[in-house]
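Here is what each chain is made of, one letter per residue.
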Amino acid sequence: MRFVPHAIRHEPHSGATFEAFCTTSGCHGTSGPEPAQDTAQDWCLRHTGRTGHDLFRRVVTDHARVTRDE
């Protein structure tokens, strides 16, 4: 048995998902998962325009691959 170094990196072929959540108390607005960052950001802008809510939590989900670093 021996120590084998590994690395973890974003897997570009798997893409990423972008999602925004309104954090105003009592509001449950969400952009839903989107494949493009601009789509989630546009939802935030429209939501602010309609409601005046101006604080959001943004989540980016990606896939990572672990490989031997030899």
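Residues numbered from 1 in each chain as written. Predicted model: local features only at pLDDT ≥ 70, side-chain atom pairs only at ≥ 80, totals over all residues. Heavy atoms only, no water.

Describing the side chain of His47
Consideration 1: Locating His47 in the fold gives a position in helix H1 (residues 37-51).
Consideration 2: When residues no more than four places from it in sequence are discounted, the contact partners of His47 are Cys22, Cys27, Gly52, His53 and Phe56. (Helix = DSSP H or I, 4+ residues; strand = E, 2+ residues; numbered from the N terminus. Contact = heavy atoms within 4.5 Å.)

Brief notes about the pattern of salt bridges
Consideration 1: Across all of its chains, the model carries 2 salt bridges by this definition.
Consideration 2: As a salt-bridge pair, Arg9 and Asp69 come within 3.8 Å of each other at their nearest N and O atoms. In this pair, Arg9 sits in strand S1 (residues 6-10) while Asp69 sits in the segment after strand S4 (64-68), placing the two residues 60 residues apart along the sequence.
Consideration 3: On the basis of relative accessibility, which here comes to 46%, the residue Arg9 falls in the partly exposed class.
Consideration 4: The closest approach of N and O atoms between Glu11 and Arg65, which form a salt bridge, is 2.7 Å. Of the two residues, Glu11 sits in the loop between S1 and strand S2 (16-22) while Arg65 sits in strand S4, which places them 54 residues apart along the sequence. (Salt bridge = Lys/Arg side-chain N within 4 Å of Asp/Glu carboxyl O. Buried < 20%, exposed > 50% of the residue type's maximum accessible area, 1.4 Å probe, protein only.)

What to know about the packing of aromatic side chains
Consideration 1: Overall, the coordinates contain 1 aromatic pair when judged by the stated rule.
Consideration 2: For the pair Trp43 and Phe56, a centre-to-centre distance of 5.8 Å together with 80° between the ring planes defines the contact as edge-to-face. With Trp43 in helix H1 and Phe56 in strand S3 (residues 56-62), the pair connects residues that are 13 residues apart, well separated along the chain. Taken as a pair, Trp43 and Phe56 share a single burial class, namely buried.
Consideration 3: Arg57 extends its terminal NZ or CZ atom over the ring of Phe21, reaching a point 4.3 Å from the ring centre. (Phe/Tyr/Trp six-rings, centres within 6.5 Å; stacked < 30°, edge-to-face > 60°. Lys NZ or Arg CZ within 6 Å of the ring centre and 35° of its normal.)

Details of the nonpolar core
Consideration 1: Counting 6 residues, the largest nonpolar core consists of Ala20, Cys22, Cys27, Trp43, Cys44 and Phe56.
Consideration 2: Not counting the four nearest positions on each side in its chain, Ala20 is found in contact with Gly29, Thr30, Ser31, Ala40, Trp43, Cys44, Arg57 and Arg58. (Core = buried A, V, L, I, M, F, W, Y, C linked by side-chain atoms within 4.5 Å.)

Digging into the state of the cysteines
Consideration 1: For the coordinates displayed, the defined rule picks out 0 disulfides.
Consideration 2: Cysteine Cys27 remains unbridged, with the sulfur of Cys22 as its closest cysteine sulfur at 3.7 Å.
Consideration 3: Given the relative accessible area of 18%, Cys27 is considered buried.
Consideration 4: In this structure Cys44 is a free cysteine whose sulfur lies 8.5 Å from that of Cys22, the closest cysteine sulfur available. (Disulfide = S-S within 2.5 Å.)

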